[in-house]
Amino acid sequence: MDQNKIPQATAKRLPLYYRFLNNLNQQGKKRVSSKELSEAVKVDSATIRRDFSYFGALGKKGYGYNVEYLLGFFRSTLDQHEVTEVALIGVGNLGTAFLHYNFMKNNNIRITTAFDADTEKVGTDIGGVPVYDIHHLEEKLDDIKVAILTVPAVEAQVITDKLVEKGISGILNFTPARISVPKHIRVHHIDLAVELQALVYFLKHYSLDKPE
Ligand code: ATP
């Protein structure tokens, strides 16, 4: 099917659905209701039904959705049949945590290469991932198209420029810096400090209804 037809908001929820369905499948479950799904992934069931209708999965009343059919769809849509290799730049506290984090548990994305400027870290192996000198980015990045940025904010743009020059397609930016890239490159920005601050602000000023 034409994947451009899937709205971006729906596409963003696909990995969430995929993870949950994968777990269900491993438990041997054959079907799932939109209500069950809704409670597990915290997306309202009307949205789930609309999302699923984009890929031709129409739930049957009293039956729900076929887990295997959905998983097959997600696997091909999310390119789960092939491993996507990712590079990590900046092996500090956050970067090290990512190298130890087992992304493979639920999907086929894997950090295979890391870079740092610190000579103490270069040449080591963290969580099974070799750490290379940032000066060797040129030759060691290979065909990798996705990078995670966990360097200090002041270094973010310079590194980004190098990644762009090397042909990167997407960057997951964990630095507080707002980086500039050419239009054809996708940047997703996750600023943990800002997210935390927003949560604390919301807790203070927008109280949620307590259950009776
Ligand atoms: P640590 O305590 O290990 O320094 P941190 O997360 O507090 O961790 P940061 O100063 O945020 O440290 O730096 C993150 C990592 O980015 C460090 O490992 C640092 O060596 C590395 N780094 C700094 N500048 C560059 C650069 N230009 N290219 C690649 N890596 C860099």
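Quick notes on the rules
- Residues numbered from 1 in each chain as written.
- Predicted model: local features only at pLDDT ≥ 70, side-chain atom pairs only at ≥ 80, totals over all residues.
- Heavy atoms only, no water.
- Near = heavy atom within 4 Å.
- Polar contact = N/O pair within 3.5 Å; in protein donor to acceptor, adjacent residues only side chain to side chain.
- Nonpolar A, V, L, I, M, F, W, Y, C, P; charged D, E, K, R; others polar.
- Helix = DSSP H or I, 4+ residues; strand = E, 2+ residues; numbered from the N terminus.
- Phe/Tyr/Trp six-rings, centres within 6.5 Å; stacked < 30°, edge-to-face > 60°.
- Buried < 20%, exposed > 50% of the residue type's maximum accessible area, 1.4 Å probe, protein only.
- Domains from an automatic or database assignment.
- Salt bridge = Lys/Arg side-chain N within 4 Å of Asp/Glu carboxyl O.
- UniProt positions renumbered as here; feature names shortened; annotations may be inferred.
- Contact = heavy atoms within 4.5 Å.

I'd like to hear about the site of the ligand, residue by residue, with values.
Taken together, 14 residues lie near the ligand, and Gly92, Asn93, Asp116, Lys121 and Glu155 sit nearest. One nitrogen or oxygen atom from the main chain of glycine 92 is found 3.3 Å from an oxygen atom belonging to the ligand. The separation between an oxygen atom of the ligand and a polar side-chain atom of lysine 121 is 2.7 Å. Here the residues of the shell around the ligand sort into 6 nonpolar, 4 polar and 4 charged.

Break down the environment of serine 207 for me, citing the residues and quoting the values.
Turning to its location among the elements, serine 207 is positioned in the segment after α8 (192-205). Sequence separation between serine 207 and glutamate 138 is 69 residues, and the spatial gap between their C-alpha atoms is 50 Å.

Could you give me a rundown of the packing of aromatic side chains, with the residues and numbers involved?
The geometry of an aromatic ring pair comes down to the distance between the two centres and the angle between the two planes. In the structure shown here, the tally under the stated rule is 10 aromatic pairs. With centroids separated by 4.9 Å and ring planes inclined at 75 degrees, the aromatic side chains of phenylalanine 52 and tyrosine 65 adopt a geometry described as edge-to-face. With a gap of 13 residues between them, phenylalanine 52 in helix α3 (residues 45-54) and tyrosine 65 in strand β2 (residues 65-66) connect regions that are remote in the sequence. Phenylalanine 52 sits in the buried class, given a relative accessible area of 0%. Considering the side-chain rings of phenylalanine 73 and phenylalanine 74, the 5.8 Å spacing of their centres and the 70 degrees angle between planes classify their relative orientation as edge-to-face. Assessed through its relative accessible area of 0%, phenylalanine 74 is described here as buried.

Describe the domain arrangement of the protein, and please don't skip the residues or the numbers.
You can read the domains of the protein as domain 1 (3-76) and domain 2 (84-195). Placing a centre on the C-alpha atoms of domain 1 and another on those of domain 2 gives a separation of 31 Å.

So what's going on with the pattern of salt bridges? Residues and values would help.
Under the criterion given, the structure shown has 2 salt bridges. Aspartate 51 serves as the salt-bridge partner of arginine 13, at 2.7 Å between the closest nitrogen and oxygen. In this pair, arginine 13 sits in helix α1 (residues 8-26) while aspartate 51 sits in helix α3, placing the two residues 38 residues apart along the sequence. On the basis of relative accessible area, aspartate 51 is assigned to the buried category, the value being 0%. The salt bridge partner of lysine 35 is glutamate 39, with a shortest N-O separation of 3.6 Å.

Give a description of the UniProt feature "binding site: NAD(+)" (unreviewed entry) in the protein that names residues and reports values.
Per the UniProt annotation, the sites labelled "binding site: NAD(+)" (unreviewed entry) are Gly90, Val91, Gly92, Asn93, Leu94 and Gly95. With respect to the element layout, glycine 92 can be found in the loop between β3 (84-89) and α5 (93-100). Dropping the residues within four chain positions of it, glycine 92 is found in contact with Asp116 and Lys121. Relative to the elements of secondary structure, asparagine 93 occurs in helix α5. Looking at asparagine 93, the relative accessible area reads 77%, which means it is exposed.

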